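# Architecture and fold: a report
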Amino acid sequence: MSKVRVRFAPSPTGPLHLGGVRTALYDYLFAKNQGGDFVLRIEDTDTARYVEGAEDYIMEALEWCGIVPDESPKQGGKYAPYRQSERRDIYDRHLADLLKTDYAYLAFDTTEELDEIRKEFEQNGEVFAYNYITRNRLKNSITLTDDEVQQLFADEVPYVVRFKMPVDRVLNMEDIIRGNFSVNTNTLDDKVLVKNDGMPTYHFANIVDDHEMEISHVIRGEEWLPSLGLHYLLYEAMGWEKPQFAHLSLILKPEGKGKLSKRDGDKFGFPVFPLNFKDPETGNISKGYREEGYLPEAFINMVALLGWSPANDREILTLEEMVQEFDLHKVHKAGARFSKEKAEWFNQQYLKSKSDAEVLELLKADENLDLSNSGDEKLLKVISLMKERATFPKDIYEDGKFFFEAPQKYDEKAVKKAWNESAKSLMTILAAQMANFSFSAETLKQEIHDFADSQNVGMGKVMMPLRLCLVGELKGPDVPDIMQILGKEECAARIQNAVNNIDLIS
């Protein structure tokens, strides 16, 4: 295999998890770094766990992330079809070849019969495995005569195809990330390759598809490491060249112990899926990064560094820069701990780097924000003032809502701290003198300073109640900046409203 070809092969059994996004991203980065192809293949042979809409969700999520496949069910390609459910004839053909070897056999044991045997083992304090020991006492084509097998066929007794694990062989295996290791085949069981409905399991379909699609490197999660011995032997059984393997470590919970799960997201208040996902059965919606206000480039940057370190420990990289730097040998063996705070930091950095006009478009695209009474000119001024302190685009509107709506109530703690008869009197005088102010942020500070001097009070005695009048609480950017955007008439009206109402509210 001269050309690098990798595949991301999710099952449409639910939304794409953060770990799945990382696998797809590393596949993409490696392929593009090596001038190769990135293939999306949908492994939908598990019909019992199939979830309606999951395949479309996977494709939309990858598109939002900017991880665009070269070949997929949507784009097509030379090795189509890219859904396993549409490749049955290919599996049947290769299964026929495998059954001619000594690496596979037919097993006619029913679920009930296997359950009984498991109980026997449990009663003796043992764990049952269908393997080189037990296969010789079970109902399969190893123990049955040809006539008995033919009779079972004639009676249409369901069967599965199992892999015949060699006895007492040491398999020496290689992993790009984890190095060399070995396993004895006596520790492995005879996995089912084809189910009794004729559909292949992951193990067989995966090997066939990777061979047929000329996949050169398999990058997948470490949960597949225990299956690597079987996969090595399947390639051997079929007489095919095997790809190189790289198994990615887990993305860990924020506290560092155990695999990150949806429950962790619910507990600590962060998404574990790229997009919102509505469960077709329950109607429950799982939060997504996109809908929470994360920028795709910030999200991908965050995901990339969950297990990989670029040169000089850089943290902010574009997708193109990641492609240039990515090296599978620099992917970490240890699990990567997820951090909600770090995810938000990435978003903040990318938001700050955007132009005010770009942020304006992001705000307009948010269907949850009512910007109908806000002109672009005013919004751009607010964005310029609020962008540096925002984590998400919506923060600019929500934290700066006072720019668009006069306070309807005043924060109780702020009133106790900043409002008294003296403050009320000062604000009344200030409102009257404001008609002579220039209302440029550069000069307003000096004009307010001069006013404070004229009243023989410090700046704090003026600024705190003034901020309370304008904002409704003691927060926000510099008061002169707020005043410039609100304008002279609105500032005077808000001060008068506070003078008339704060005492009643407090």
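Residues numbered from 1 in each chain as written. Predicted model: local features only at pLDDT ≥ 70, side-chain atom pairs only at ≥ 80, totals over all residues. Heavy atoms only, no water.

### Points about the sheet that holds strand β4 (residues 160-163)
Filter applied, for reference: Whether two strands pair comes down to DSSP finding at least two bridges between them. The helix count covers DSSP runs of H or I at least four residues long, the strand count covers runs of E at least two residues long, and both are numbered beginning at the N terminus. All axes here are fitted lines through C-alpha atoms, helices being fitted over the stretch that makes contact, and every angle between N-to-C directions spans 0 to 180 degrees.
Across the sheet, which stays open at both edges, the three strands sit in the order β3-β4-β7 with antiparallel pairing between neighbours. Of all strands in the sheet, those bounded by a partner on one side alone are β3 (104-107) and β7 (192-194). On average, adjacent strands in this sheet sit at an angle of 45 degrees to one another, irrespective of strand direction. Pairing analysis gives two bridges linking β4 to β7, with the strands arranged antiparallel. Within β7, the residue paired with Val161 across the bridge is Val194.

### Here's the deal with the environment of Asn124
Quick reminder of the rule: Burial classes follow relative accessibility: with a 1.4 Å probe on protein chains only, a residue under 20% of its type's maximum area counts as buried, one over 50% as exposed, and anything between as partly exposed.
Mapped onto the fold, Asn124 is located in the loop between α4 (111-123) and α5 (146-154). Owing to a relative accessible area of 58%, Asn124 belongs among the exposed residues under this scheme. Expressed as a C-alpha distance, the spacing of Asn124 and Gln408, which sit 284 residues apart in the sequence, is 74 Å.

### Here's the deal with helix α7 (residues 228-238)
For α7, the tally of buried residues reaches 10 of 11 residues, placing the bulk of the element in the interior. Of the residues making up α7, those classed as buried are Leu228, Gly229, Leu230, His231, Tyr232, Leu233, Leu234, Tyr235, Ala237 and Met238. Of the residues flanking the end of α7, it is Gly239, one or two places downstream, whose phi is positive at about 75 degrees.

### Considering the packing of helix α1 (residues 18-33) against helix α9 (residues 296-304)
The axes of two packed helices give the description: the angle between them and the distance between them. Rule in force here: Orientation categories follow fixed angle ranges, with anything under 35 degrees roughly parallel, anything over 145 roughly antiparallel, 65 to 115 roughly perpendicular, and all other angles oblique. Two residues qualify as a contact provided that any one of their heavy atoms is within 4.5 Å of a heavy atom in the partner residue. Side-chain classes are defined by residue name, with Ala, Val, Leu, Ile, Met, Phe, Trp, Tyr, Cys and Pro counting as nonpolar, Asp, Glu, Lys and Arg as charged, and the others, Gly among them, as polar.
Viewed as axis vectors pointing N to C, α1 and α9 meet at an angle of 85 degrees, and their least axial separation amounts to 10 Å. Here α1 is positioned roughly perpendicular relative to α9, judged by the angle of their axes. Residues Leu18, Val21, Arg22, Leu25 and Tyr26 of α1 form the contact with α9, whose participating residues are Phe299, Ile300, Val303 and Ala304. The residue makeup of the contact of α1 with α9, split by class, is eight nonpolar, no polar and one charged.

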